[in-house]
Amino acid sequence: MRGGLLPWVVAGALLCGARPIGAQAQARVRVATVSLLEGTAQVRRGPNTPQDLRQGSSVQQGDLVETGDDSRLELKLPDASALRLGPRARLALAAAHFERGPARRQLSVRLFFGKVWAKVTSVAGGDQRFQIETENAVAGVRGTTFRVDAHQDRSVLVRVYSGTVAVRRNAASDAGPKDGGRREVPGPEEVTRGAWEKLVGRQMQILISADGTPGVPAPFTEADEAGDDWSTWNRKRDEQAK
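Residues numbered from 1 in each chain as written. Predicted model: local features only at pLDDT ≥ 70, side-chain atom pairs only at ≥ 80, totals over all residues. Heavy atoms only, no water.

Looking now at the overall build of the protein. Across its full length, the protein holds 2 helices and 17 strands. The burial tally for the protein puts 46% of its 242 residues in the buried class. Of all intrachain contacts in the protein linking residues separated by at least 6 positions in sequence, the fraction that spans at least 24 positions is 58%. About 12,100 Å² of surface is accessible on the protein, with carbon and sulfur atoms providing 50% of the total. (Helix = DSSP H or I, 4+ residues; strand = E, 2+ residues; numbered from the N terminus. Buried < 20%, exposed > 50% of the residue type's maximum accessible area, 1.4 Å probe, protein only. Contact = heavy atoms within 4.5 Å. Areas by Shrake-Rupley, 256 points an atom, 1.4 Å probe, with all protein chains shown as cover.)

Following this line, the structure appears as structure tokens:
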């Protein structure tokens, strides 16, 4: 553990793009509530037909959530943390356990594409994990506010507004091509921890390329978010939640 950050475990074994996340044999547990919905959103549970979400609807472990055009969705978690999805976003709750108390919470979500804003409550100590995984990167924290933008070209932008986020390459992205074909695998080479994990602090951002290579954390300013309606909307929601 470094700087109070969580130890990471990539949730690759739990996450599979070929089917909705979450085995059917798992017990369905209500882990989030739709606290705000602007526009439309749907939830899919296994092979079932998608259902429309409304304010007050429950979202369970294993659910796949999608937002429509010009839509925004806020999910409130049992520990008072919040996840907000922007327009045309798809997210799955791979693992979510809050019943053992805040110090032992476990949340792992998969963002297939779109934007997510996470406002995570701070909890000292304990065995906990709170992470957002994309195809090429994993971002995890304890208490902070940050956003993850998964672009159509597979690149990922992470911006941190408070606290610190550890961003690292998703090892699952190295599993092989999605079409089942072969690809050349580079020979063994020495890789430092810094090449796989980057710490991104307050008012810093990092861009992960489409092949999963992390850039160098760099500062961003309000000017960089001028005209960014997603950031403006979320900042207002954060203020209202105080």
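Alright, that's what it looks like, and here's the rest.
Core analysis: the largest hydrophobic core is formed by 41 residues, its most contacted members being Leu73, Leu83, Ile132, Phe146, Val158 and Val167. Of all the elements, strand β9 (residues 106–120) adds the most residues to this core, at 6 residues. (Core = buried A, V, L, I, M, F, W, Y, C linked by side-chain atoms within 4.5 Å.)

As a further point, take helix α2 (residues 229–241). For α2, built from 13 residues, the straight-helix expectation of 18 Å at 1.5 Å per residue is met to within 8% by its first-to-last C-alpha distance of 18 Å. Trp230, Ser231, Trp233, Asn234, Arg237 and Asp238 are the residues of α2 that are buried. Along the axis of α2, the buried residues cluster in a sector spanning 165 degrees; they form a single face. Opposite the buried face of α2, at more than 90 degrees from it, the exposed residues are Asp229, Lys236, Glu239 and Gln240. (Expected span 1.5 Å × (residues − 1). Arc of directions from axis to C-beta.)

This part covers the packing of aromatic side chains. Per the stated rule, a full pass over the model turns up 3 aromatic pairs. Pairing Trp230 with Trp233 gives two aromatic rings, centres 5.8 Å apart and planes at 20 degrees, and the pair type is stacked. Remark: Trp233 and Trp230 occur in helix α2; sequence separation between them is 3 residues, near one turn of the helix. Its relative accessible area of 11% is what places Trp233 among the buried residues. Within the aromatic cluster, the residues linked to one another by ring pairs are Trp117, Tyr161 and Phe220. (Phe/Tyr/Trp six-rings, centres within 6.5 Å; stacked < 30°, edge-to-face > 60°.)

What follows concerns the pairing of strand β8 (residues 90–97). Burial analysis of β8 places 6 of its 8 residues in the buried class, which makes it a mostly covered element. In this sheet, β8 lies alongside strand β5 (residues 64–67) in antiparallel orientation, the contact comprising 3 bridges. From the neighbouring strand, Glu66 faces β8, where its bridge partner is Arg90. (Pairing = 2+ DSSP bridges.)

The buried count for β9 comes to 11 of 15 residues, which makes it a mostly enclosed element. Bridge count for β8 against β9 is 7 bridges, and the pairing is antiparallel. The residue of β9 that forms the bridge with Ala95 is Ser108. One ladder, built from 5 bridges, connects β9 with strand β10 (residues 129–133); its direction is parallel. Among the inter-strand pairings, Gln106 is bridged to a residue of β10, identified as Arg129. Bridge analysis of β9 against strand β12 (residues 144–150) gives 7 bridges, and the strand direction is antiparallel. Along β12, the bridge assignment pairs Ala118 with Phe146.

Applying the stated rule across the entire model yields 12 salt bridges. In this structure, the salt-bridge partner of Arg84 is Asp238, at a minimum N-O distance of 2.9 Å. Here the residue Arg84 occupies a position in strand β7 (residues 82–85), and Asp238 occupies one in helix α2, the gap between them amounting to 154 residues. Each of the two residues, Arg84 as well as Asp238, counts as buried. (Salt bridge = Lys/Arg side-chain N within 4 Å of Asp/Glu carboxyl O.)

With respect to the element layout, Thr145 can be found in strand β12. It is 9.1 Å that separates the C-alpha atoms of Thr145 and Asp238, two residues lying 93 residues apart in sequence. Residues within four places of Thr145 in sequence aside, it is in contact with Trp117, Ala118, Lys119, Val160, Tyr161, Ser162 and Asp238.

On to the side chain of Asp238, then. The buried category is assigned to Asp238, whose relative accessible area is 8%. Reaching out from Asp238, the side chain makes a polar contact with the side chain of Arg84 at a distance of 2.9 Å. If near-sequence neighbours (up to four positions away) are discounted, Asp238 is found in contact with Arg84, Trp117, Lys119 and Thr145. (Polar contact = N/O pair within 3.5 Å; in protein donor to acceptor, adjacent residues only side chain to side chain.)

Below, the discussion takes up unusual backbone geometry. The backbone of Asp70 sits at a positive phi, close to 55 degrees, despite the residue not being glycine. Given the relative accessible area of 69%, Asp70 is considered exposed. Unusually for a residue other than glycine, Arg88 sits at a positive phi of about 50 degrees. Assignment of secondary structure puts Arg88 in the loop between β7 and β8.

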